Amino acid sequence: MGPATRDEGDDAVGDMFRLDEDMADLVLEYCRARLALEEVPLDRPGERAALDEALDGIVGRGGNDASHVLRIFETVLAPAVISCDSPRFLAFIPAAPTKAALLFDMVVSSASLQGISWLEAAGAVAAENQVLALLARLAGMPGGSGGCFVSGGSAANLSALAVARDRGRECTGHERVRVAVGEEAHSSVASALHLLGIRPLVVPCVDHRLTGAALRDALGRDESPGDVVAVVATAGTTNAGIVDDLAGVGAVAGERGMWFHVDGAYGGAGIFSESLRPLLAGIGRADSFVVDPHKWLFAPFDCAALVYREPEHARRVHTQHAGYLEVLHGDAPGTWNPSDYAFHLTRRARGLPLWFSLAVHGSDAYGRAVDAVVERARRAAAMVRSRPWLELVREPETSIVLFRRLGWEPQDYARWSERLVDEQVAFVVPSRWEGETVARLAFLHPGTTDEVVEEVLASTSTP
Ligand SMILES: *Cc1c(COP(=O)(O)O)cnc(C)c1O
């Protein structure tokens, strides 16, 4: 290779790391326009053939003009991503990040902010910990509680249950420990127990709720209840938004020296809300508590908070050791390595968008936003009740409304769901309740209006 060629190569490499002002304008303008939308378009499921055609050859040995690539994204790819931050997204669990959080997410990206260790990222870690301390305080957990932000509730449940398992083994001296879960625990809990090699003790629910009495009964009937070292309670089931009897379950856990894990990935946001706090009574007894800010605390993906009552137990389980890492593990007071509190090492400082938004708006505004969504669900339930062809499955406790359309078969719900997204009215998918297919509306966006709910319900009047 001659010198000329090498120079060319060096330039090409250098270009990747120099800001191209035109590309910056293009991308930032796209972001600004998206952020400025009063309501983002709902968009729709993608067609494989059209996506393949648009992507054909775009990633190859040579590059493309940024404007060309962005145009493909804007015109073909983005419309094939249903916007979970649309006020018309009422399926699964939607998202509704604040503008402040979205803007600051761009800062986290632009500055490559990581939050692995105190040595590398004290500024980011201190701010994330300020948010974790607020969550712990609102939940009623003691000072000294702490943890880290992980990618989601699934990662948080797995990390916490690994600690519960090891702590249980330590306390009982038994290798084969088990964890009690309610029948309605989230699928990620079953998955975590599978990965951890732990058998669950599945406790029958009472009206879809895990109660202290049901847990006590199940332990009473069990052949070796001493092996059951932890219990998982759900603060807001994903299907119906039902909160377990946290006080009762926590009390039984306390009596028996069991680890008490509260999965509040969705409903844990209620600690900010006046109206939901009574429902969450007992949450402060948790040994570990999970809440997903990317769900009902208005943060962008991917952000789950994991808080331990005694973080030292987690640190012993999750700290990674290697020659080049030991420099991180000094025990100088006031230092904190988020990498020590879950099964991860490198991590984005994903708590910072929430931190910025909380600092800008204050936690009261979050409480009001959560309350507004609870009120939204109550009004939707009333709207269901006022239509004789619909039947409410149960009163919503948090922000999920289940109802049936009298006379509909499962395929009618499926067709209805397709029609709604086709006409861009809403993204709604059916669910199952006690073996029956039903309609499910999950509210989370404070911008979802009565009119949207009206349109969705009106569309059920024709068979
Ligand atoms: C969503 C959810 C999870 C899983 O969280 P991810 O962020 O999707 O991994 C766990 N538990 C409950 C109750 C949930 O609602």
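Here the structure is a predicted model, which means the values were calculated and not measured. All residue numbers here refer to positions counted from 1 along the written sequence of the relevant chain. Per-residue local features are limited, in this predicted model, to residues with pLDDT of at least 70; the limit for side-chain atom pairs, both in listing and counting, is 80 or more; totals at the level of whole chains, interfaces and linings are taken over all residues. Only hydrogens and water are removed before side-chain values are computed, so all heavy atoms of the structure are retained for them.

**Some remarks on helix α7 (residues 153-172)**
In DSSP terms, a helix is any run of H or I states spanning at least four residues, a strand is any run of E spanning at least two, and both are numbered starting from the N terminus. Expected span of a helix, by definition, is 1.5 Å for each gap between consecutive residues, and there is one gap fewer than residues. Helix length check: α7, at 20 residues, gives a terminal C-alpha distance of 28 Å against a target of 28 Å (1.5 Å per residue), a fit within 8%. Just downstream of α7, Gly173 is the residue with a positive phi angle, here 75 degrees.

**Quick notes on the site of the ligand**
Throughout, near means a residue has at least one heavy atom within 4 Å of the molecule or strand. Residues in close proximity to the ligand total 14 residues, the closest being Ser154, Thr238, Asp263, Asp292 and Lys295. Two N or O atoms form a polar contact when they lie within 3.5 Å of each other; inside protein one atom must be a possible hydrogen donor and the other a possible acceptor, and for residues adjacent in sequence the pair counts only when both atoms belong to side chains. Residue Asp292 places a side-chain N or O atom 2.6 Å away from an oxygen atom belonging to the ligand. Between the ligand and His294, the relevant distance is 3.0 Å, taken from an oxygen atom to a side-chain nitrogen or oxygen of the residue. Surface accessibility follows the Shrake-Rupley procedure with a 1.4 Å probe radius. Residue values consider only the protein chains on display as shielding. Its free accessible area being 380 Å², the ligand has 85% of it covered by the protein chains.

**Topic: the pairing of strand β11 (residues 436-442)**
For every residue, the accessible area obtained with a 1.4 Å probe (protein chains only) is divided by the maximum for its type, and the residue is called buried under 20%, exposed over 50%, and partly exposed between those limits. For β11, the buried fraction is high: six of the seven residues fall into the buried class. Between any two strands, pairing holds if DSSP finds at least two bridges. Taken together, the four bridges between strand β9 (residues 400-405) and β11 define a ladder with antiparallel strand orientation. Note that in β11 the partner of Val401 across the bridge is Leu441. Bridge analysis of strand β10 (residues 431-433) against β11 gives three bridges, and the strand direction is antiparallel. Counterpart to Arg432 in the pairing with β11 is Thr437. The loop that links β10 with its antiparallel partner β11 comprises two residues; one of these, Glu434, has a positive phi angle of about 50 degrees.

**Focus: the sheet that holds strand β6 (residues 288-291)**
If you walk across this open sheet you meet the seven strands as β1-β7-β6-β5-β4-β2-β3, and the pairing is mixed. Every interior strand has two partners, whereas the edge strands, β1 (146-150) and β3 (199-203), have only one. Averaged over all neighbouring strand pairs, the angle between strand axes comes to 20 degrees, with direction disregarded. Two residues qualify as a contact provided that any one of their heavy atoms is within 4.5 Å of a heavy atom in the partner residue. Note on definitions: angles span 0 to 180 degrees between N-to-C directions of axes, and those axes are lines fitted to C-alpha atoms, for helices only across the stretch in contact. In this fold helix α9 (residues 212-221) packs onto β2 (178-182), β3 and β4 (228-234), with an angle of close to 125 degrees to the strand it touches most, β3.

**Comments concerning the sheet that holds β11**
Strand pairing in a sheet relies on backbone hydrogen bonds, with the paired strands running either antiparallel or parallel. With respect to topology, four strands assemble into an open sheet ordered β8-β9-β11-β10, the strand pairing being antiparallel. Two strands in the sheet have a free side with no partner beyond their single neighbour: β8 (390-392) and β10. Strand-to-strand, the axes of this sheet are offset by a mean angle of 45 degrees, without reference to chain direction. Relative to β9, β8 is paired through three bridges, and the arrangement is antiparallel. Bridge pairing in β9 links Leu390 to Arg405. Along the sheet, helix α15 (residues 410-422) makes contact with β9 and β11, crossing β11 at roughly 30 degrees.

**Remarks on the confidence of the model for the protein**
Known as pLDDT, the predictor's per-residue confidence is scaled from 0 to 100. When pLDDT is averaged across the protein, the result is 96; 98% of the residues are at 70 or more. Across residues 1-6, confidence stays below pLDDT 50; counting only partners more than four residues off in sequence or on other chains, it has one contact.

**Overview of the domain arrangement of the protein**
Interfaces are often sized by the amount of accessible area the parts lose when they come together. Per the domain assignment, the segments of the protein are domain 1 (105-362) and domain 2 (364-461). Its C-alpha centre places domain 1 at a distance of 30 Å from the equivalent point of domain 2. Counting residues at the interface gives 27 residues for domain 1, matched by 22 residues for domain 2. For the pairing of domain 1 and domain 2, the buried interface totals around 2200 Å² over both sides, and the portion due to carbon and sulfur atoms is 57%. Buried surface area refers to the total accessible area, computed with a probe of radius 1.4 Å, that the two partners give up upon joining, counted for both partners together. Of all residues in domain 1, Asn239, Trp296 and Phe298 bury the most surface against domain 2, accounting for 29% of the area lost on that side. Salt-bridge detection follows one rule: a side-chain nitrogen of Lys or Arg within 4 Å of a carboxyl oxygen of Asp or Glu. Where domain 1 touches domain 2, the interface holds two salt bridges. Among the salt bridges present, the one from Arg209 reaches Glu397, with a minimum N-O distance of 2.7 Å. Seen at the junction of domain 1 and domain 2, the total is 16 residue pairs in polar contact (both at pLDDT 80 or more). These domain limits were set by an automatic method or by a database of domain assignments.

**Overview of the pattern of salt bridges**
Going through the model one piece at a time under the given rule, you end up with 25 salt bridges. The residue Arg88 makes a salt bridge to Glu455 at a minimum N-O spacing of 3.6 Å. Of the two residues, Arg88 sits in the loop between α4 (66-77) and α5 (99-110) while Glu455 sits in helix α16 (residues 450-458), which places them 367 residues apart along the sequence. Of the residues examined, Arg88 reaches a relative accessible area of 15% and is grouped as buried.

**Thoughts on a nonpolar patch on the surface**
Distance thresholds for patches are 9 Å for like charges and 5 Å for nonpolar side chains (Val, Leu, Ile, Met, Phe, Trp, Tyr), applied to residues having over 30% relative accessible area and no salt bridge. Judged by side-chain polarity, Val13, Met16 and Phe17 come together as a nonpolar surface patch covering roughly 380 Å² of accessible area. Here Phe17 lies in the loop between α1 (3-16) and α2 (21-36).

**Description of the pairing of β6**
In regular strands, side chains alternate between the two faces of the sheet. Here β6 shows two buried faces, one formed by Ser288 and Val290 and the other by Phe289 and Val291. Inspection of the sheet shows strand β5 (residues 259-263) paired to β6 by three bridges, in the parallel sense. Bridge pairing in β6 places Asp263 opposite Val290. Taken together, the four bridges between β6 and strand β7 (residues 304-308) define a ladder with antiparallel strand orientation. Paired with Val291 across the strands is Ala305, a residue of β7.

**Overview of the packing of α2 against α4**
At a minimum axis distance of 10 Å, the contact between α2 and α4 shows a crossing angle of 15 degrees. What the angle tells us is that α2 and α4 run roughly parallel. When the axes of α2 and α4 are compared, the crossing they make is right-handed. Between α2 and α4, the contacting residues are Met23, Leu26, Val27 and Tyr30 on the first element and Ala66, Ser67, Leu70, Phe73 and Glu74 on the second. Throughout, the ten residues Ala, Val, Leu, Ile, Met, Phe, Trp, Tyr, Cys and Pro are labelled nonpolar, Asp, Glu, Lys and Arg are labelled charged, and all others, Gly among them, are labelled polar. Residue composition of the contact of α2 with α4, by class: seven nonpolar, one polar and one charged. For classification, angles of less than 35 degrees are called roughly parallel, those exceeding 145 degrees roughly antiparallel, those between 65 and 115 degrees roughly perpendicular, and all remaining angles oblique. By definition, turning the near helix anticlockwise from the far helix through less than a right angle yields a left-handed crossing, and turning it clockwise yields a right-handed one.

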